[in-house]
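Remarks on the overall topology
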Protein chains: 2
Amino acid sequence: MSLILLDAMGGDFAPKNPIEGAILALKDKNFNSDIGLVGDEKLINESLNNLNVDQDLLKRIEIFHASEVISMHDSPTKAIKEKGNSSIVVGLKLHKQKVGDAFISAGNTGAMAAGSLLILGRIKGIYRPAIATFFPTLKGKTLVLDVGATVDCKPFNLMQFAIMGSVYMKIFSGNLNPTVGLLSIGEEPTKGNDATVKAHQLIKQTNINFYGNIEGKDIIKGVVDVAVCDGFVGNVLLKFYESVGDFIRSVILKYLKEPPSDLSTYDYQNYGGAPLLGVDGISIISHGKSSPLAIKNAILVAERMVEEKLNKKIEKEIELFDKDEYKQDAV
Amino acid sequence: MSLILLDAMGGDFAPKNPIEGAILALKDKNFNSDIGLVGDEKLINESLNNLNVDQDLLKRIEIFHASEVISMHDSPTKAIKEKGNSSIVVGLKLHKQKVGDAFISAGNTGAMAAGSLLILGRIKGIYRPAIATFFPTLKGKTLVLDVGATVDCKPFNLMQFAIMGSVYMKIFSGNLNPTVGLLSIGEEPTKGNDATVKAHQLIKQTNINFYGNIEGKDIIKGVVDVAVCDGFVGNVLLKFYESVGDFIRSVILKYLKEPPSDLSTYDYQNYGGAPLLGVDGISIISHGKSSPLAIKNAILVAERMVEEKLNKKIEKEIELFDKDEYKQDAV
């Protein structure tokens, strides 16, 4: 039986949405774990009382008190150092001590990334972590990494992202041989900036199903299952795409009196949280505006990552390509 | 009286669309220049005959023969070196020799960028050129540069892009104090990759209306008039955005039997061509799929750049901030 830790104080609608999301997960027949709510004990109990949660479900909830909250405006590394009693730091430490098997927060993304790296450390062999998130495409969805954990990536970092993304996608798509593309500015291996041109050569030598370079237009077309890029590029693209969702909605509403019910397909929030791959633990960063459904989805993803022993699989694949000649530009 | 040179062989629909675009421009009351069509003389004459062009307009067209064509699939630098009789090389050389005052092509973008730099050279003081293009936004349009001419930008390059973009926008928006944003992954000056964090400090010291950092979501919102970024990032974003246009169309068509007539607002082709700023001449790169209207728009833009003496204005502004201490990371 696993225990999934959830930051009850994280996000724009805390503690309401995290707690409602936890209840939704506990009600799901496929979810077998318990949930640990991390945050202000009094507020959490109040919320649970207001929701009239069944006793059966309440038994599967454990509360871990944390007296502080890292706000969206706090400086990430400073907050991690100075707010030792914050729900993010307390939650990550409980995970590190193996009290819980995963930690999820819809709070400050930077603090989650910095805190996870500092408190959990890295998977053996991994140099830099990457945040992986799904982009809705015309064919379904493409996993894009990194979307903001590591900027100024070296070629070797991009190669490790390609391996981690492939392992993750295998688990979550059911596709045992997902294609991996390297985001660049031309299809030819020689097109791109210095890092991508070198990364192309490194990724070619791994055992993943490397599609080669892809371009910006190929993401929405769903040309590959996994798209690898530097965290700067991925973050700009993610935020751009999120705003496109609003743009599409405003354009469509111009022509239709009522929004079509399935327009939410194009809403990134349906995809739950984004795992920080490469840290020695399971750390999932959810969007600050996460709905209860998005939180529930993140909790189910976390349970799956625990059951599948994702990090063991990553460690094994990374070890295969942990060659010194690849690492010249790595550190 | 200016002469605007146009590559009659460039683009997916050449020579038809370039020639029809030239005719549209000549018919426009605000357009006073002559047009030089560069390409296969026989094909051009055939097209002109088929179009039954008025004698009055024909008098304003000059044909410059070029026996070769650089295709979309040719390797840019190789093609520029080896295809000396191509319409792109011939056109750029005619411009360099001041036979014509500007050159426009909807052909191979890489060849236009490489050829312009090689044949025209750079404006005094400019280190690297940038392709500038308009992104449609909720408020109107934002000029984004660079979208593919220079990757692995140094901070000083980004500062020069900011200055060039500001000068260009002043001319084409009528706004004498356009805001310029630096595309990054957080609003704070310390957020970003190494190049943007340093560029932020350099741009702050110029006399342009610097808004500070913007994020991916701010482009479609139209938060700034000009957005500055590395050519790798800008190119990924441009191609992503182009594919979003198709995405929006497919979503809307799902709900409407006929596409609304003004949906073309969201079509980047309406914005004509993208100037390669920083080269010592006027070089405009149009999209390969350019319609005659897009070509016409590019021709009007070129005339305006000539009349406004854009490059003189850029040179003057660049000189003001041509300080050695800014250039440590420049070359």
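Each residue is numbered by its place in its chain's sequence as written, counting from 1. Here every chain gets a letter starting at A, and every ligand a number starting at 1, in the order they are written. Side-chain atom pairs in this predicted model are given and counted only at pLDDT of 80 or more, local residue features only at pLDDT of at least 70, and totals for whole chains, interfaces and linings cover all residues. Water and hydrogen atoms were dropped before computing side-chain values, which therefore reflect all heavy atoms in the structure.

Moving on, we get to the sheet that holds strand 3 (residues 61-65) of chain B. Pairing between the strands of a sheet comes from backbone hydrogen bonds, and it takes one of two forms, parallel or antiparallel. All names here are of chain B. As summarised here, the arrangement of the 11 strands in space is 3-2-1-4-11-10-5-6-9-7-8, forming an open sheet in which the pairing is mixed. Two strands in the sheet have a free side with no partner beyond their single neighbour: strand 3 and strand 8 (209-214). Within this sheet the neighbouring strands show an average axis-to-axis angle of 25°, counted without direction. At least two DSSP bridges between two strands are needed for those strands to be called paired. Helix and strand assignments come from DSSP, with helices taken as H or I runs of at least 4 residues and strands as E runs of at least 2, each series counted from the N terminus. Relative to strand 10 (residues 274-277), strand 5 (residues 130-136) runs antiparallel, the two sharing two bridges. Bridging from a neighbouring strand, Ile-131 pairs with Leu-276 of strand 10. For helices, the axis comes from a line fit to the C-alpha atoms of the stretch in contact; other axes are also lines fit to C-alpha atoms, and the angle between any two N-to-C directions lies between 0 and 180 degrees.

On to unusual backbone geometry. A negative phi angle characterises most non-glycine residues, just as the trans form characterises most peptide bonds. Asp-146 of chain A follows Leu-145 of chain A through a cis peptide bond whose omega is 5°. Positionally, Asp-146 of chain A belongs in the loop between strand 6 (141-145) and helix 7 (155-173). Here the bond from Ala-14 of chain B into Pro-15 of chain B is cis, since omega is 0°, no more than 30 degrees from zero. Mapping Pro-15 of chain B onto the fold places it in the loop between strand 1 (3-7) and helix 1 (16-27). Of note, the phi angle at Lys-98 of chain A is positive, near 65°, even though the residue is not glycine. Note on placement: Lys-98 of chain A falls in the loop between helix 5 (87-96) and strand 4 (102-105). Under the relative-accessibility criterion, Lys-98 of chain A is labelled exposed at 71%. The rule is simple: take the accessible area with a 1.4 Å probe, protein chains only, and divide by the maximum for that residue type; under 20% is buried, over 50% is exposed, in between is partly exposed.

Take the buried Ala, Val, Leu, Ile, Met, Phe, Trp, Tyr and Cys residues and link them wherever side-chain atoms come within 4.5 Å; each set so joined is a nonpolar core. Counting residues in each nonpolar core, the largest one holds 94 residues, and the members touching the most others are Phe-135 and Phe-240 of chain A together with Phe-135 and Phe-240 of chain B. Only heavy atoms matter for contacts: two residues are in contact if any of them lie within 4.5 Å across the pair. Sequence-distant contacts of Phe-240 of chain A, that is, excluding residues within four places in its chain, are made with Phe-135, Gly-216, Lys-217, Ile-219, Ile-220, Leu-237, Phe-240 and Tyr-241 of chain B. Counting residues in hydrophobic clusters, the runner-up holds 66 residues, among them Ile-104, Ile-123, Leu-145 and Ile-163 of chain B.

Moving on, we come to the interface of chain A and chain B. Put simply, an interface is often sized by how much accessible area is lost when its parts join up. Contact with chain A, which involves 38 residues of that partner, is made by 38 residues of chain B. When two components associate, each loses some accessible surface as probed by a 1.4 Å sphere; the sum of these losses over both components is called the buried area. Buried area between chain A and chain B, both sides added, is near 3,900 Å², and the carbon and sulfur share of it is 77%. Considering only the side of chain A, the residues that lose the most area to chain B are Phe-232, Phe-240 and Phe-247 of chain A, jointly responsible for 20% of the buried surface there. Salt bridges, as used here, are contacts in which a Lys or Arg side-chain nitrogen is within 4 Å of a carboxyl oxygen on Asp or Glu. Summed over the shared surface of chain A and chain B, the number is two salt bridges. Ionic pairing is found between Glu-215 of chain B and Lys-239 of chain A, a salt bridge with its closest N-O pair at 2.3 Å. Pairing of N or O atoms within 3.5 Å defines a polar contact, subject to two protein rules: one partner must be a possible hydrogen donor and the other a possible acceptor, and residues neighboring in sequence count only if both atoms are side-chain atoms. On inspection of chain A and its partner chain B, the count reaches six residue pairs in polar contact (both at pLDDT 80 or more). If you list the elements that add at least two residues to the side of chain A that touches chain B, you get helix 8 (194-204), helix 9 (217-221) and helix 10 (231-255) of chain A. Among the elements that make up the side of chain A that touches chain B, the one with the highest residue count is helix 10 of chain A (17 residues). In terms of residue class, the side of chain A that touches chain B is built from 23 nonpolar, eight polar and seven charged. Residues were grouped as follows: Ala, Val, Leu, Ile, Met, Phe, Trp, Tyr, Cys and Pro as nonpolar; Asp, Glu, Lys and Arg as charged; and all remaining residues, including Gly, as polar.

This part covers the pairing of strand 1 (residues 3-7) of chain A. Residue and element names in this part refer to chain A. In terms of burial, strand 1 is largely enclosed, as five of its five residues are buried. Side chains Leu-3, Leu-5 and Asp-7 project from strand 1 onto one buried face, and the interleaved Ile-4 and Leu-6 project onto a second face that is buried too. Direction of pairing for strand 1 relative to strand 2 (residues 34-39): parallel, over a ladder of five bridges. The partner of Leu-6 across the bridge, within strand 2, is Leu-37.

Okay, the domain arrangement of chain A next. Residue and element names in this part refer to chain A. The domain limits used here are those given by an automatic or database domain assignment. We note that the domain assignment places domain 1 (3-126 + 278-309) and domain 2 (130-260) within chain A. Taking the mean C-alpha position of each, domain 1 and domain 2 sit 26 Å from one another. Taken together, the two surfaces of domain 1 and domain 2 that pack against each other cover about 770 Å², and 70% of this comes from carbon and sulfur. At the junction of domain 1 and domain 2, the tally comes to two residue pairs in polar contact (both at pLDDT 80 or more). Counting residues per element, the side of domain 1 that touches domain 2 draws most heavily on helix 11 (residues 292-307), which supplies three residues. Here the side of domain 1 that touches domain 2 is composed, by residue class, of four nonpolar, four polar and two charged.

Take the relation of the copies chain A and chain B next. In superposing the copies, a least-squares fit is computed on C-alpha atoms, taking residues whose pLDDT is at least 70 in both. The two copies are related by a screw operation: chain A maps onto chain B through 180° of rotation and 0.0 Å of translation along the axis, at an RMSD of 0.1 Å. The symmetry that links the two subunits is that of a two-fold axis. Interface overlap between copies: 100% of the residues of chain A at the interface are likewise at the interface in chain B, consistent with a symmetric, same-surface contact.

How two helices sit against one another is set out by the angle between their axes and by the gap between those axes. All names here are of chain A. Relative orientation of the contacting elements helix 7 and helix 12 (residues 310-320) amounts to 140°, with a least axis distance of 10 Å. The angle between helix 7 and helix 12 places the two elements in the oblique class. Of the two possible hands of crossing, helix 7 and helix 12 adopt the one that is right-handed. Residues Gln-160, Ile-163, Met-164, Val-167, Tyr-168 and Ile-171 of helix 7 form the contact with helix 12, whose own contacting residues are Leu-310, Lys-313, Ile-314, Glu-317 and Ile-318. Here the contact of helix 7 with helix 12 is built from residues that sort into eight nonpolar, one polar and two charged. Angles are sorted into four bins: roughly parallel if under 35 degrees, roughly antiparallel if over 145, roughly perpendicular if 65 to 115, and oblique for all others. Left-handed is the label given to a crossing in which the near helix is rotated counterclockwise from the far helix by less than a right angle, and right-handed is the label when the rotation is clockwise.

Residue and element names in this part refer to chain A. One way to put it is that helix 7 packs onto helix 11 with a least axis distance of 11 Å and a crossing angle of 110°. Relative to helix 11, the element helix 7 is oriented roughly perpendicular. Where helix 7 crosses over helix 11, the two elements pack in a sense that is right-handed. In contact with Tyr-168, Ile-171 and Phe-172 of helix 7, helix 11 contributes Val-301, Arg-304 and Met-305.

Enumeration according to the criterion identifies 30 salt bridges over all chains in this entry. One salt bridge in this structure joins Glu-82 of chain A and Lys-78 of chain A, with 3.9 Å as the shortest N-O distance. In this pair, Glu-82 of chain A and Lys-78 of chain A are both assigned in helix 4 (residues 76-82), four residues apart and thus about one turn of the helix distant. Pair check on accessibility: Glu-82 of chain A and Lys-78 of chain A agree, each one exposed. The partner of Glu-308 of chain A in a salt bridge is Arg-304 of chain A, and the shortest N-O contact between them spans 3.4 Å. Using a relative accessible area of 32% as the deciding quantity, one classes Arg-304 of chain A as partly exposed. Counted as one network, the salt bridges with shared partners bring together Glu-215, Lys-217 and Asp-218 of chain A together with Lys-239 of chain B.

Quick look at helix 8 (residues 194-204) of chain B now. Of the positions making up helix 8 of chain B, those classed as buried are Ala-195, Thr-196, Ala-199, His-200, Leu-202 and Ile-203 of chain B. In this structure, the buried residues of helix 8 of chain B make contact with helix 10 of chain A together with helix 7 (155-173), strand 7 (179-183) and strand 8 of chain B.

Now for the environment of Asp-324 of chain A. Residue and element names in this part refer to chain A. As for its placement among the helices and strands, Asp-324 is situated in the segment after helix 12. Given the relative accessible area of 63%, Asp-324 is considered exposed. Between the C-alpha atom of Asp-324 and that of Leu-310, which follows or precedes it by 14 residues, the distance is 25 Å.

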